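Read off the chains here:
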Amino acid sequence: EHPTDAHFLFTFVFKQALTLQSGKTDTITAQNNCMKTFAMRLKKAISLTLALALSWPLCAQQKMDEMWNGGERVKSSDTSMGRGKLFDYGNYAMFIHWGLYSKLANVWNGKTYYGIGEWLMNENMANAAREEYKAVAHTFDPKDFDAMKIAKLAKDAGMKYIIITSKHHDGFAMYHSKCNKFNIVDVTPFGRDPMKELSDACKKLGLGFGFYYSHNQDWTTPGASGAPRVDEDGNPKTFDDYFYAKCLPQVEEITRNYGDIELVWFDTPGEIPKKYAEKLVETVHRNQPKALVSGRVGYDLGDYRTLGDMEVPPENMDGLWESVDVTNDGWGYSWYDRNWKTPKQILENLISTIARGGTYMLNVGPDGMGNIPEFAQNALLASGKWIARYPQVIYGAQASPWKHRLPWGDVVRQDSTLYLAIYEWPSDGKLYLPGLKSEIASAGICDGQKTLPVSFEKRGNWTVLDVPYKKPDNLVSVIALAMKGGEISVDNTQAVDPESGIDELSVVFADASGCNVSKTSWMEKFGEWKHKYCTPDLNRGGKVTWTVDVMEPATFSVDLTLRGEGRGVWKVETDEAHTAQNQQGVSSIFCKRPIGWISFDKPGRHTITVSMPEGGKPSELSAISLTPVRFE
Ligand code: GLC
């Protein structure tokens, strides 16, 4: 009836299975035939459960992904009452994951665990005993915590608001909660309320402020999802007990005691009964009429849509939505995790999220002393300096009329001006813009307040701009196109750039027949999510066809991004009957595999069809890449 039930039953049966399997059947002694039969039947049932249990880690991965799903189903964005102005205009926010897990830094009993640090307690990571984990609070004393320093970092990074974990899945409140003693003021030597200090600092600097709150999962509060169903005295506890004794009062506290807040970021609704989610939404809207509720509250009740972790969508989406991403590989601080995003990667993800129509919230994980890692700060400051040079590319910028990124970068719009954000500057002095049908009044390279004019010419469906060989900006260069008023119309056929070809054009843009295209999500390390669209069944006679626009006759080498088992034969065929066919081995990790060369004899639209002519083992095709072959 409730996830905790399932969890509890599973644990009980699992333990019995282990006992029985180990042959120590003193707990179940067969006194006579009847008992023997019962014992055999029970043994069989438990063995089956054991087999299921051993697949648990995989289920846990999928289950964690499933737990977000409410976030993707928000029916419509609620911008009434002026909600979401900062969210929609600012387009860029700081996410902060900070708690007891930050002090542990992914180490438990001297062992390092690899995955998202705020799940260290969980059975998929260290499986820490609850009371031992809770005892970490007694030495949690982040003496270096400096709210103004953090708020200033967010401001200098170009972010418009901060969302910080008030209570994560571990149940520990990082603010002074009056309804539950397990909080930073009552049980730590730190004894201060950092949320109060941070909300004040944000207000001083003109930043928005809001909270993350884990409403369904609370691993240390009996009755909550992921916690025992009995308290330390053995009294039964229900979700209702947890909800009315802790969850609801705490959401009242965080929406009453910290001034105006931008949003409440509920997370992993799992199977929380709808009535509780409704009550939380009503509470937030009552106490904070201008605050947004995240889609992960569940049941389509959010004011905006939250994508899966670390996901930037390949094509435009309407309404209010956000991508949440990490500066390294996880949310909470991990001592080993130095896989930082560079300033250029941050800018590309930020700009391409805005170009898809969304808001980008980027996470930092302060350590147990309250310090944000130096590298993360440096990357945020460098990208922030870029934003200060090109604020028009970020704030108030609207989605790209192309509805997907282009081979060399992406496009955002401000009224009748298009800003081309060029991630890869061309080497031959020409920038190729496909499909623009509206007329350009003027074009220029943005250089601070100045615009350095560039000339351009139409070539069929393409606009070719003459640009300097030296890239104007080491991170992302920007060209402004002032359009001749009115609606901006484009032919958004996927384009193969004469200079760079096309890199990993997703199968989501292809037409599939006799096979399916679906999104697959997986964890590299626990909690480190990756997402791709792919065809899980191309080996059954199906095919996928991309339609692309080619500016001039040319030859390209073709790679397919594949995942699967063993070897397969893939065939690539164009509408001009140019084909390339090859056998390639594939592995359990998506990687590019060369298939061969194809040519286009005429400029204009072409189709490229991929199939597996000999069938073979299940293989997933996720993208195609075309690299120009230079003959001179
Ligand atoms: C997932 C994780 C959680 C993290 C959140 C951030 O829901 O469970 O630990 O806070 O992603 O998006």
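About the criteria used
- Residues numbered from 1 in each chain as written.
- Predicted model: local features only at pLDDT ≥ 70, side-chain atom pairs only at ≥ 80, totals over all residues.
- Heavy atoms only, no water.
- Phe/Tyr/Trp six-rings, centres within 6.5 Å; stacked < 30°, edge-to-face > 60°.
- Buried < 20%, exposed > 50% of the residue type's maximum accessible area, 1.4 Å probe, protein only.
- Lys NZ or Arg CZ within 6 Å of the ring centre and 35° of its normal.
- Near = heavy atom within 4 Å.
- Polar contact = N/O pair within 3.5 Å; in protein donor to acceptor, adjacent residues only side chain to side chain.
- Areas by Shrake-Rupley, 256 points an atom, 1.4 Å probe, with all protein chains shown as cover.
- 1 Å grid on protein atoms, 1.4 Å probe; cavity = no way out; pocket = protein on both sides within 12 Å on 5 of 7 lines; lining within 4 Å.
- Sits in = over half its atoms within 2 Å of the grid points.
- Nonpolar A, V, L, I, M, F, W, Y, C, P; charged D, E, K, R; others polar.
- Helix = DSSP H or I, 4+ residues; strand = E, 2+ residues; numbered from the N terminus.
- Contact = heavy atoms within 4.5 Å.

**Details of the packing of aromatic side chains**
Enumeration over the complete set of coordinates arrives at 30 aromatic pairs. Summarising the aromatic geometry, the rings of Trp 386 and Tyr 390 are spaced 4.5 Å apart at their centres and angled 35 degrees between planes, so their arrangement reads as tilted. Of the two residues, Trp 386 and Tyr 390, both sit in the buried class. Three or more aromatic residues joined by ring pairs form one cluster here, namely Trp 98, Phe 140, Phe 145, Phe 172, Phe 182 and Phe 190. The residue whose ring lies beneath Lys 111 is Tyr 113, and the NZ or CZ to ring-centre distance is 4.1 Å.

**Observations regarding the site of the ligand**
In the vicinity of the ligand, 15 residues are found, and the nearest of them are His 97, Glu 118, His 168, Asp 267 and Asp 309. Between His 97 and the ligand, the recorded distance is 2.5 Å, taken from a side-chain N or O atom to an oxygen atom. Here an oxygen atom of the ligand and a side-chain polar atom of Arg 296 are 3.2 Å apart. When the ligand sits alone it has 310 Å² of accessible area, and the protein chains cover 100% of it. Spatially, the ligand is embedded in the largest cavity. Looking at the shell around the ligand, its residues break down into 7 nonpolar, 4 polar and 4 charged.

**Here's the deal with the environment of Lys 203**
Looking at the element boundaries, Lys 203 is found in helix H8 (residues 194–204). Separated by 57 residues in the primary sequence, Lys 203 and Asp 260 place their C-alpha atoms 9.2 Å from one another. For Lys 203, the residues in contact, after removing those within four places along its chain, are Tyr 258, Gly 259 and Asp 260. For Lys 203, the side chain forms a polar contact with the main-chain oxygen of Tyr 258, separated by 3.3 Å.

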